[in-house]
Amino acid sequence: PYKKTDMSTFMASVPCAIPDKYLMIVLQTTAGGNLNFLRDKILFHKDELQLGLQPEGLFQTFDRIAEKVPAGSNGLLYMPWIYGERSPIDDRNARAALFNISLENTREDIIRAFMEGVAFNNRWLLAPAEKFMGRKITQLNFVGGGAKSAVWSQILADVMNVDIRQVSDPIQANARGAAFIAAVGLGFLAFKDIPEKVEIKATFKPNPDNRAIYDKLFGEFTRFYHQNKASYNRLNS
(Lines give C-alpha, C1' and ligand atoms only; values in the text may rest on other atoms or scores of the structure.)
Protein backbone atom coordinates (compact mmCIF):
# COMPACT_ATOMS: atom_id res chain seq x y z
CA PRO A 1 0.00 0.00 0.00
CA TYR A 2 2.98 2.37 -0.16
CA LYS A 3 6.00 3.25 -2.27
CA LYS A 4 9.19 1.68 -1.00
CA THR A 5 12.72 0.88 -2.16
CA ASP A 6 15.17 -1.66 -0.71
CA MET A 7 18.63 -0.98 -2.09
CA SER A 8 20.14 -3.92 -0.21
CA THR A 9 18.24 -6.44 -2.36
CA PHE A 10 17.30 -4.16 -5.28
CA MET A 11 13.54 -4.40 -4.85
CA ALA A 12 11.04 -1.60 -5.21
CA SER A 13 7.33 -0.87 -5.33
CA VAL A 14 6.11 1.31 -8.19
CA PRO A 15 2.73 2.91 -8.99
CA CYS A 16 0.24 0.53 -10.61
CA ALA A 17 -3.26 0.71 -12.07
CA ILE A 18 -5.05 0.13 -8.76
CA PRO A 19 -5.58 3.43 -6.88
CA ASP A 20 -3.56 3.73 -3.67
CA LYS A 21 -1.70 0.47 -4.39
CA TYR A 22 1.83 -0.23 -5.61
CA LEU A 23 3.34 -3.06 -7.62
CA MET A 24 6.29 -4.82 -6.02
CA ILE A 25 9.08 -5.52 -8.51
CA VAL A 26 11.35 -8.47 -7.65
CA LEU A 27 13.17 -9.19 -10.86
CA GLN A 28 15.11 -12.28 -11.91
CA THR A 29 16.91 -11.30 -15.11
CA THR A 30 16.64 -14.64 -16.96
CA ALA A 31 14.31 -17.52 -16.10
CA GLY A 32 12.76 -19.35 -19.07
CA GLY A 33 15.48 -17.88 -21.27
CA ASN A 34 17.87 -20.43 -19.76
CA LEU A 35 15.90 -23.23 -21.44
CA ASN A 36 15.97 -21.28 -24.71
CA PHE A 37 19.76 -21.14 -24.34
CA LEU A 38 19.97 -24.88 -23.69
CA ARG A 39 17.82 -25.54 -26.77
CA ASP A 40 19.37 -23.04 -29.19
CA LYS A 41 23.05 -22.86 -28.18
CA ILE A 42 23.77 -26.35 -26.82
CA LEU A 43 21.37 -29.08 -27.99
CA PHE A 44 20.40 -27.76 -31.43
CA HIS A 45 23.12 -25.26 -32.24
CA LYS A 46 23.80 -25.06 -35.98
CA ASP A 47 27.38 -26.20 -36.42
CA GLU A 48 29.34 -29.23 -37.63
CA LEU A 49 28.00 -31.34 -34.77
CA GLN A 50 24.35 -30.70 -35.58
CA LEU A 51 22.64 -34.10 -35.58
CA GLY A 52 19.22 -33.15 -36.87
CA LEU A 53 16.41 -30.65 -36.87
CA GLN A 54 14.90 -29.43 -33.63
CA PRO A 55 11.81 -31.56 -32.94
CA GLU A 56 8.36 -30.16 -32.34
CA GLY A 57 7.27 -29.88 -28.72
CA LEU A 58 10.82 -29.83 -27.36
CA PHE A 59 9.88 -28.16 -24.07
CA GLN A 60 7.32 -30.91 -23.44
CA THR A 61 10.13 -33.40 -24.06
CA PHE A 62 12.22 -31.53 -21.49
CA ASP A 63 9.34 -31.99 -19.03
CA ARG A 64 9.17 -35.75 -19.60
CA ILE A 65 12.94 -36.08 -19.20
CA ALA A 66 13.15 -33.88 -16.08
CA GLU A 67 10.30 -35.74 -14.41
CA LYS A 68 12.33 -38.96 -14.46
CA VAL A 69 15.38 -37.39 -12.77
CA PRO A 70 15.39 -37.37 -8.94
CA ALA A 71 15.12 -34.11 -7.03
CA GLY A 72 18.56 -32.50 -6.88
CA SER A 73 19.60 -33.65 -10.38
CA ASN A 74 22.00 -36.20 -8.91
CA GLY A 75 24.06 -33.46 -7.26
CA LEU A 76 24.28 -31.17 -10.29
CA LEU A 77 23.70 -27.44 -9.74
CA TYR A 78 22.92 -24.83 -12.38
CA MET A 79 23.33 -21.10 -11.75
CA PRO A 80 20.89 -19.22 -14.04
CA TRP A 81 22.70 -15.85 -14.16
CA ILE A 82 23.29 -16.15 -17.90
CA TYR A 83 22.74 -12.43 -18.48
CA GLY A 84 23.81 -11.12 -15.09
CA GLU A 85 21.35 -10.69 -12.22
CA ARG A 86 19.24 -7.92 -10.69
CA SER A 87 17.71 -9.28 -7.46
CA PRO A 88 18.54 -10.07 -4.74
CA ILE A 89 22.04 -9.18 -5.96
CA ASP A 90 22.57 -6.52 -8.63
CA ASP A 91 25.52 -7.92 -10.55
CA ARG A 92 25.83 -7.49 -14.30
CA ASN A 93 29.05 -9.54 -14.22
CA ALA A 94 27.50 -12.73 -12.81
CA ARG A 95 27.26 -15.61 -15.28
CA ALA A 96 25.67 -19.04 -15.50
CA ALA A 97 27.46 -22.19 -14.40
CA LEU A 98 27.03 -25.94 -14.25
CA PHE A 99 28.63 -26.96 -10.95
CA ASN A 100 29.59 -30.35 -9.56
CA ILE A 101 29.28 -32.22 -12.86
CA SER A 102 30.83 -35.68 -12.96
CA LEU A 103 31.18 -38.67 -15.27
CA GLU A 104 28.03 -40.05 -13.68
CA ASN A 105 25.86 -37.11 -14.74
CA THR A 106 23.82 -37.20 -17.92
CA ARG A 107 22.05 -34.82 -20.27
CA GLU A 108 18.88 -35.65 -18.35
CA ASP A 109 20.45 -34.30 -15.14
CA ILE A 110 21.44 -31.10 -16.95
CA ILE A 111 17.89 -30.47 -18.18
CA ARG A 112 16.42 -30.84 -14.70
CA ALA A 113 19.27 -28.82 -13.15
CA PHE A 114 18.40 -25.89 -15.44
CA MET A 115 14.83 -25.94 -14.10
CA GLU A 116 15.97 -26.30 -10.50
CA GLY A 117 18.50 -23.47 -10.90
CA VAL A 118 15.74 -21.03 -11.83
CA ALA A 119 13.73 -22.28 -8.84
CA PHE A 120 16.71 -21.80 -6.48
CA ASN A 121 17.04 -18.22 -7.68
CA ASN A 122 13.34 -17.65 -6.99
CA ARG A 123 13.85 -19.04 -3.50
CA TRP A 124 16.74 -16.62 -3.05
CA LEU A 125 14.25 -13.83 -3.76
CA LEU A 126 11.58 -15.18 -1.41
CA ALA A 127 12.90 -14.11 2.03
CA PRO A 128 13.74 -10.53 0.93
CA ALA A 129 10.30 -10.25 -0.69
CA GLU A 130 8.62 -11.39 2.52
CA LYS A 131 10.65 -8.89 4.53
CA PHE A 132 9.77 -6.15 2.03
CA MET A 133 6.04 -6.86 2.39
CA GLY A 134 6.11 -7.66 6.09
CA ARG A 135 4.25 -10.96 5.71
CA LYS A 136 4.76 -14.59 4.73
CA ILE A 137 4.17 -15.75 1.18
CA THR A 138 2.24 -19.04 1.21
CA GLN A 139 1.26 -19.27 -2.45
CA LEU A 140 2.27 -17.80 -5.80
CA ASN A 141 0.52 -17.64 -9.15
CA PHE A 142 2.77 -18.94 -11.94
CA VAL A 143 2.41 -17.29 -15.39
CA GLY A 144 4.43 -17.06 -18.59
CA GLY A 145 5.75 -19.82 -20.85
CA GLY A 146 7.36 -21.76 -18.01
CA ALA A 147 3.98 -22.07 -16.30
CA LYS A 148 2.83 -24.44 -19.03
CA SER A 149 5.09 -27.01 -17.37
CA ALA A 150 3.61 -29.08 -14.56
CA VAL A 151 7.08 -30.42 -13.78
CA TRP A 152 8.54 -26.94 -13.36
CA SER A 153 5.54 -25.94 -11.24
CA GLN A 154 6.22 -28.85 -8.87
CA ILE A 155 9.96 -28.07 -8.77
CA LEU A 156 9.18 -24.46 -7.79
CA ALA A 157 6.79 -25.64 -5.07
CA ASP A 158 9.35 -28.08 -3.67
CA VAL A 159 12.34 -25.72 -3.80
CA MET A 160 10.48 -22.65 -2.47
CA ASN A 161 8.26 -24.57 -0.03
CA VAL A 162 5.15 -22.64 -1.10
CA ASP A 163 2.02 -23.58 -3.05
CA ILE A 164 2.40 -22.85 -6.76
CA ARG A 165 -0.84 -22.09 -8.61
CA GLN A 166 -0.52 -22.80 -12.33
CA VAL A 167 -2.68 -20.20 -14.05
CA SER A 168 -4.69 -21.38 -17.06
CA ASP A 169 -3.40 -20.15 -20.44
CA PRO A 170 -0.40 -18.61 -18.65
CA ILE A 171 1.17 -17.00 -21.72
CA GLN A 172 -1.89 -14.72 -22.04
CA ALA A 173 -1.46 -13.24 -18.54
CA ASN A 174 -0.34 -9.78 -19.73
CA ALA A 175 -3.16 -9.49 -22.26
CA ARG A 176 -5.73 -10.58 -19.68
CA GLY A 177 -4.35 -8.14 -17.13
CA ALA A 178 -4.62 -5.27 -19.60
CA ALA A 179 -8.17 -6.34 -20.43
CA PHE A 180 -9.13 -6.48 -16.72
CA ILE A 181 -7.76 -2.97 -16.17
CA ALA A 182 -9.66 -1.70 -19.21
CA ALA A 183 -12.84 -3.38 -17.95
CA VAL A 184 -12.48 -1.56 -14.63
CA GLY A 185 -11.90 1.72 -16.45
CA LEU A 186 -15.05 1.17 -18.51
CA GLY A 187 -17.11 0.35 -15.44
CA PHE A 188 -17.74 -3.34 -16.23
CA LEU A 189 -15.71 -4.63 -13.26
CA ALA A 190 -14.27 -3.52 -9.95
CA PHE A 191 -10.72 -4.46 -8.98
CA LYS A 192 -12.11 -6.59 -6.15
CA ASP A 193 -13.90 -8.75 -8.74
CA ILE A 194 -10.76 -9.73 -10.64
CA PRO A 195 -9.21 -12.42 -8.40
CA GLU A 196 -12.21 -14.72 -8.74
CA LYS A 197 -11.94 -14.45 -12.54
CA VAL A 198 -8.37 -15.76 -12.63
CA GLU A 199 -8.66 -19.42 -13.64
CA ILE A 200 -6.25 -21.82 -11.95
CA LYS A 201 -5.42 -25.00 -13.84
CA ALA A 202 -3.72 -26.78 -10.93
CA THR A 203 -2.18 -26.14 -7.52
CA PHE A 204 1.14 -27.79 -6.68
CA LYS A 205 1.93 -28.49 -3.03
CA PRO A 206 5.51 -28.84 -1.72
CA ASN A 207 6.68 -32.44 -1.40
CA PRO A 208 8.19 -32.79 2.11
CA ASP A 209 10.30 -35.74 0.92
CA ASN A 210 12.41 -33.30 -1.13
CA ARG A 211 12.89 -30.75 1.65
CA ALA A 212 16.31 -31.94 2.87
CA ILE A 213 17.99 -32.21 -0.54
CA TYR A 214 16.69 -28.85 -1.74
CA ASP A 215 17.64 -27.08 1.49
CA LYS A 216 21.18 -28.45 1.18
CA LEU A 217 21.54 -27.51 -2.48
CA PHE A 218 20.09 -24.05 -1.93
CA GLY A 219 22.79 -23.37 0.65
CA GLU A 220 25.44 -24.35 -1.89
CA PHE A 221 23.70 -22.27 -4.58
CA THR A 222 23.98 -19.00 -2.66
CA ARG A 223 27.44 -19.88 -1.33
CA PHE A 224 28.64 -20.44 -4.90
CA TYR A 225 27.80 -16.86 -5.85
CA HIS A 226 29.49 -15.27 -2.86
CA GLN A 227 32.63 -17.39 -3.28
CA ASN A 228 32.88 -16.58 -7.01
CA LYS A 229 31.75 -12.95 -7.04
CA ALA A 230 35.31 -11.64 -7.27
CA SER A 231 36.12 -14.01 -10.14
CA TYR A 232 33.04 -12.88 -12.04
CA ASN A 233 34.14 -9.30 -11.62
CA ARG A 234 37.66 -10.00 -12.85
CA LEU A 235 36.44 -11.98 -15.84
CA ASN A 236 33.55 -9.85 -17.02
CA SER A 237 33.96 -6.25 -15.86
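Residues numbered from 1 in each chain as written. Predicted model: local features only at pLDDT ≥ 70, side-chain atom pairs only at ≥ 80, totals over all residues. Heavy atoms only, no water.

### Digging into the pairing of strand β6 (residues 139–142)
Then, in step 1: Here β6 runs beside strand β7 (residues 163–167); their pairing, made up of 4 bridges, is parallel. Opposite N141, over in β7, you have R165 as the bridge partner.
Then, in step 2: At this point the chain moves from β6, through helix α4 (residues 150–160), to the parallel β7, and the crossover so formed is right-handed. (Pairing = 2+ DSSP bridges. Helix = DSSP H or I, 4+ residues; strand = E, 2+ residues; numbered from the N terminus. Right-handed = clockwise from strand over helix to strand, strands pointing away.)

### A short note on the pattern of salt bridges
Then, in step 1: Following the criterion strictly, the structure yields 8 salt bridges and no others.
Then, in step 2: Note that R39 is salt-bridged to D40, the shortest N-O span being 2.6 Å.
Then, in step 3: Close ionic contact of R211 with D215 constitutes a salt bridge, the shortest N to O distance being 3.2 Å. Of this pair, R211 and D215 both sit in helix α6 (residues 211–236), separated by 4 residues, roughly a single helical turn.
Then, in step 4: The exposure class assigned to D215 is partly exposed, which follows from its relative accessible area of 33%.
Then, in step 5: Because the salt bridges share partners, they merge into one network encompassing R123, R211 and D215. (Salt bridge = Lys/Arg side-chain N within 4 Å of Asp/Glu carboxyl O. Buried < 20%, exposed > 50% of the residue type's maximum accessible area, 1.4 Å probe, protein only.)

### Section: the sheet that holds strand β1 (residues 5–6)
Then, in step 1: Overall, antiparallel pairing links the 3 strands, which are arranged β1-β2-β3 in an open sheet. Both outer strands of the open sheet, β1 and β3 (22–25), are each paired with one neighbouring strand and no more.
Then, in step 2: As judged from the 2 bridges shared by β1 and strand β2 (residues 11–15), these two strands associate in the antiparallel manner. The partner of D6 across the bridge, within β2, is M11.
Then, in step 3: Contacting β1, β2 and β3, helix α3 (residues 107–133) runs over the sheet at an angle of about 50° to β2. (Contact = heavy atoms within 4.5 Å. Axes fitted to C-alpha atoms, helices over the stretch in contact; angles between N-to-C directions.)

### Comments concerning the pairing of β2
Then, in step 1: Once β1 ends, the chain turns through 4 residues before running back antiparallel as β2, passing F10 with a positive phi of about 60°.
Then, in step 2: One ladder, built from 4 bridges, connects β2 with β3; its direction is antiparallel. Residue P15 lies in a different strand from β3, and its bridge partner there is Y22.
Then, in step 3: Joining the antiparallel neighbours β2 and β3 is a turn of 6 residues, in which D20 adopts a positive phi near 65°.

Any functional reading would require information that these geometric values do not contain.
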